[in-house]
Every structure is written in structure tokens, then in C-alpha cells.
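So you can see what is in the structure, the chains are spelled out below.
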Amino acid sequence: MNPRVGFALPQLGPQAHEGHRIAWFARRVEDAGADSLWVGDRVFAATNPTVGYAGTDSFPREFHSVLDPFVTLGVAGAATSRVRLGTDVLIAPLYPPALLARSLTSIDVVSGGRLLVGLGIGWSPEEYAAAGVPFDRRGARLEETLDALQAIWTSDPAGYRGRYVSVPEHRRELGPVQRPHPPIHLGAYSPAGLARVGRRADGWLPVWRVAGPPGQGELLRQARAAVDTAARAAGRDPAAIETIVRLNAGRGTTVDEIVAALRTATAETGFQDYFVDLMYVAATVEQAADLARRVLDGVR
């Protein structure tokens, strides 16, 4: 069985400067047979970061240009009719839950119920400072944000009061198309994060690096086993928890290498759902759309 394959939208780097072509890209890739379209979440690239990207002391230049994830995904949702629309991931603690729920509800309504909500806690202290949110206890803030979203999406009147976040009671006559709410996936690798996925998420969002180190498949299988163990301990069926893998392609990666990575990841993990980030591979939206089409042709 061929894996399901989606693609990141033109949101970061040089592609972001062609934001007027988001709708064109979304339609073009959907017509080519893609399963999903995705956005990430960056506030900015700090000049002298306390914590750099992926173990470095800086940010990739592509992070110097970024489009808003909600606007980007909303445009793609209005321009398409079939593909799922995902976030991998929104840094949930940066957003007041009421505003986060409003934005996500809007995208689900505009798209006719195709939103997949991916959330995480982030790792940049400077982004938290810019949002006016303390960097510590961000795992607990995520837990309360999840509680608040579920309260907003399942109650009317709706409200929530926790230690870190609160939502005044209010009327909520407009809800998501998907009931009781859009599926919530979590990005996680730490033991606590994987346990959280098993306890309460609808899915898990790991990463596979094209031309990455050997053993990626075994690491992902072990992490997924931890999710399943936590799910059973919580009285949940692990089979109900989806896995969607982000495929990160580095600079200079070829279409053949991406297709080979998709096949290898599927064979080594058994996972069937992926999306490819072409941020480092394509300098223009036209190039990204062409690469996406060629990847889909190669997988088929």
C-alpha cells in the first residue's frame, strides 16, 4: 500500500514572499493527488537565541521570513475541497485559549470540517518572551490549554478556569464542523510528552529526516510503543491514535531521495501517513509545486 502524502504550504523562507500564491499552490497540489497541506508556527528568529534550532546556536535563514499560520491555512482551506489541513505544530501556550479556539474553529468552518489540530510546547524562550508568556511550566500550560479547548468546543455556555489559563464563561453557538471537535495531535518526544499523547491526544506527530542517521525507524517504533503503553494505562485503544510523520528534506535533497525516504520510513515503521516539508529544497512556490507533483508521481 502506498503511503498517504501531503506537503507543507509556502509559509517560510523565500516562498513566504510569494504569499499571494498560497491558493494557487494549494489547488495545484490537491489536484496532483496530495492528501494534506500543513503549516508550522514561528514567531520570529531571535538574533542571539538562548536556544537555537535543532541543537545549533542559531536559526536557519528560512526562519527569517514567516507567514501567519492561521491566515496561511485559512487561505488554503478556502481554495481547496478535499485535502486535510494540519498544523505541525502550533505552540499552544503562546495563545490565549479563547483566541486559539476562535481561529481553529474558523478554519474548520471555512474548510467544511477538514482541520487537523497539531499542538506542541515549543523550545524558544525568546518567542515566549515576545508573547508575554512565562517559559517555565509550559507542559502544564499545554495541559490546561487542551482542557480549555475541549471545554469551549463541547459546552454552551463555555468557560474554563485553571492555574495558568482561564476563559470567562461565554455563549458559543458557532462550533467546529467536526464533532465534538477537530482531532488534536501532539508533537512530542520526551517521556512526559509521549505519555500525554497516549492519555489524551487523537494522534502523534513525529519527524523523519531525509538522509538522517540510521536507526530512525527503531527510535520511532520505540516512541510509538510508549504512546501505546500510556494509552492502555488510560483505558484507551492505541489503534485510535493516529501517527502522521513530518518528512524534513534538507538543502540539495532530490525527488528520488524524498521518494526513497518515504518508502524506507513506511517499511521500517509501518506508518502510512506523511507530509513533506520542501522549505529548504524549493526557492519559489512554482518549484515547490513541481517538486510536490514529482514526489507524488514517484510514490505512485
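Residues numbered from 1 in each chain as written. Predicted model: local features only at pLDDT ≥ 70, side-chain atom pairs only at ≥ 80, totals over all residues. Heavy atoms only, no water.

Under an unreviewed UniProt entry, the name given to the chain is TIGR03619 family F420-dependent LLM class oxidoreductase, and the source organism is Nocardia veterana.

(A) Highlighting the overall build of the chain. Helix and strand content of the chain: nine helices and 13 strands. For 300 residues, the compact-globule formula gives about 19 Å, and the C-alpha radius of gyration of the chain, at 19 Å, lands near that figure. Counting only residues that meet the buried cut, the chain has 55% of its 300 residues in that class. Of all intrachain contacts in the chain linking residues separated by at least 6 positions in sequence, the fraction that spans at least 24 positions is 73%. In the form shown here, the chain has an accessible surface area of approximately 13100 Å², with 52% of it arising from carbon and sulfur atoms. If the 32 positive side-chain charges of the chain are averaged to one point and the 32 negative ones to another, these points end up 2 Å apart. (Helix = DSSP H or I, 4+ residues; strand = E, 2+ residues; numbered from the N terminus. Rg over C-alpha atoms; globule rule 2.2 N^0.38 Å. Buried < 20%, exposed > 50% of the residue type's maximum accessible area, 1.4 Å probe, protein only. Contact = heavy atoms within 4.5 Å. Areas by Shrake-Rupley, 256 points an atom, 1.4 Å probe, with all protein chains shown as cover. Lys, Arg positive; Asp, Glu negative; His and termini not counted. Charge placed at Lys NZ, Arg CZ, Asp CG, Glu CD.)

(B) Broad picture of the packing of aromatic side chains. This structure, assessed with the given rule, holds nine aromatic pairs. Between Phe59 and Phe63, the aromatic rings sit 6.2 Å apart at their centres with planes inclined by 55 degrees, giving tilted as the arrangement. Phe63 matches Phe59 in its accessibility class, with the two residues each being buried. On the basis of an interplanar angle of 25 degrees and a centroid distance of 5.6 Å, the ring pair of Phe59 and Trp123 is categorised as stacked. Linking Phe59 in the loop between β2 (36-39) and α2 (69-79) with Trp123 in the loop between β5 (115-120) and α4 (125-131), this pair joins segments that are 64 residues apart in sequence. Under the relative-accessibility criterion, Phe59 is labelled buried at 9%. Accessibility expressed as a relative area gives 26% for Trp123, which makes it partly exposed. (Phe/Tyr/Trp six-rings, centres within 6.5 Å; stacked < 30°, edge-to-face > 60°.)

(C) Main features of the nonpolar core. Core analysis: the biggest nonpolar cluster contains 77 residues, and Phe7, Leu9, Leu37, Leu119 and Leu262 have the highest contact counts within it. Of the residues forming this core, the biggest block, eight residues, is contributed by helix α9 (residues 285-299). Excluding anything up to four places from it in sequence, Leu262 contacts Val5, Leu247, Tyr274, Val276, Val295 and Val299. Core analysis: the next-biggest nonpolar cluster, separate from the first, contains seven residues, Ala8, Val89, Leu205 and Ile244 among them. (Core = buried A, V, L, I, M, F, W, Y, C linked by side-chain atoms within 4.5 Å.)

(D) Structural detail: the environment of Asp277. Checked against the element boundaries, Asp277 lands in strand β13 (residues 273-277). Sequence-wise, Asp277 and Thr145 are 132 residues apart; in three dimensions their C-alpha atoms are separated by 27 Å. Every residue in contact with Asp277, bar those within four places of it in the chain, is listed here: Ala8, Arg246, Leu247, Asn248 and Ala249. In terms of polar contacts, Asp277 uses its side chain to reach the side chain of Arg246, at 2.4 Å. In terms of polar contacts, Asp277 uses its side chain to reach the backbone amide nitrogen of Met279, at 2.9 Å. (Polar contact = N/O pair within 3.5 Å; in protein donor to acceptor, adjacent residues only side chain to side chain.)

(E) The arrangement of the packing of helix α5 (residues 138-154) against helix α6 (residues 191-200) in detail. Look at α5 against α6: their axes get within 12 Å of each other, and the N-to-C directions meet at 15 degrees. In terms of axis orientation, α5 runs roughly parallel to α6. Pair α5 / α6 crosses with right-handed handedness. Across the interface between the two elements, Gly139, Leu142, Glu143, Leu146, Asp147 and Gln150 of α5 pack against Arg196, Arg199 and Arg200 of α6. Taken together, the residues of the contact of α5 with α6 sort by class into two nonpolar, two polar and five charged. (Axes fitted to C-alpha atoms, helices over the stretch in contact; angles between N-to-C directions. Parallel < 35°, antiparallel > 145°, perpendicular 65-115°, else oblique. Left-handed = near helix turned anticlockwise from the far one by under 90°. Nonpolar A, V, L, I, M, F, W, Y, C, P; charged D, E, K, R; others polar.)

(F) Layout of helix α7 (residues 216-233). For α7, spanning 18 residues, the distance from its first C-alpha to its last is 26 Å, which sits close to the expected 26 Å at 1.5 Å a residue. Looking only at α7, the buried set comprises Gln216, Gly217, Leu220, Ala223, Arg224, Val227, Asp228, Ala230 and Ala231. One side of α7 holds all its buried residues, which, seen down the axis, span an arc of 160 degrees. The exposed set on the far side of α7, more than 90 degrees from its buried face, consists of Leu219, Arg232 and Ala233. Here the buried face of α7 lies against α6, β9 (203-204), β10 (207-209), β11 (242-243) and α8 (255-269). (Expected span 1.5 Å × (residues − 1). Arc of directions from axis to C-beta.)

(G) Molecular detail of the UniProt feature "domain: Luciferase-like" (unreviewed entry) in the chain. UniProt feature "domain: Luciferase-like" (unreviewed entry): in the numbering of this structure it lies at residues 18-270. Secondary structure content for residues 18-270 is 40% helix and 15% strand, while the C-alpha to C-alpha distance between its ends is 36 Å. (UniProt positions renumbered as here; feature names shortened; annotations may be inferred.)

(H) Focus on a nonpolar patch on the surface. A cluster of nonpolar side chains, Val109, Leu174 and Val177, forms an exposed patch at the surface whose accessible area comes to about 250 Å². With respect to the element layout, Val177 can be found in the loop between β7 (166-170) and β8 (184-186). A relative accessible area of 44% places Val177 in the partly exposed class. (Patch = residues over 30% accessible without salt bridge, like charges linked within 9 Å, V, L, I, M, F, W, Y side chains within 5 Å. Salt bridge = Lys/Arg side-chain N within 4 Å of Asp/Glu carboxyl O.)

(I) Broad picture of the pattern of salt bridges. As enumerated under the stated definition, the model contains 20 salt bridges in all. One salt bridge in this structure joins Arg199 and Glu143, with 2.7 Å as the shortest N-O distance. Here Arg199 is found in helix α6, whereas its partner Glu143 is found in helix α5, with 56 residues between them in sequence.

(J) The arrangement of the side chain of Glu30 in detail. By the secondary structure assignment, Glu30 is in helix α1 (residues 22-31). Buried charge without a partner: Glu30 forms no salt bridge, and the closest opposite charge is Arg114, 4.5 Å away. A polar atom in the side chain of Glu30 sits 3.1 Å from the backbone nitrogen of Ser81. Not counting chain neighbours up to four residues away, the residues in contact with Glu30 comprise Thr80, Ser81, Arg82, Val83 and Arg114.

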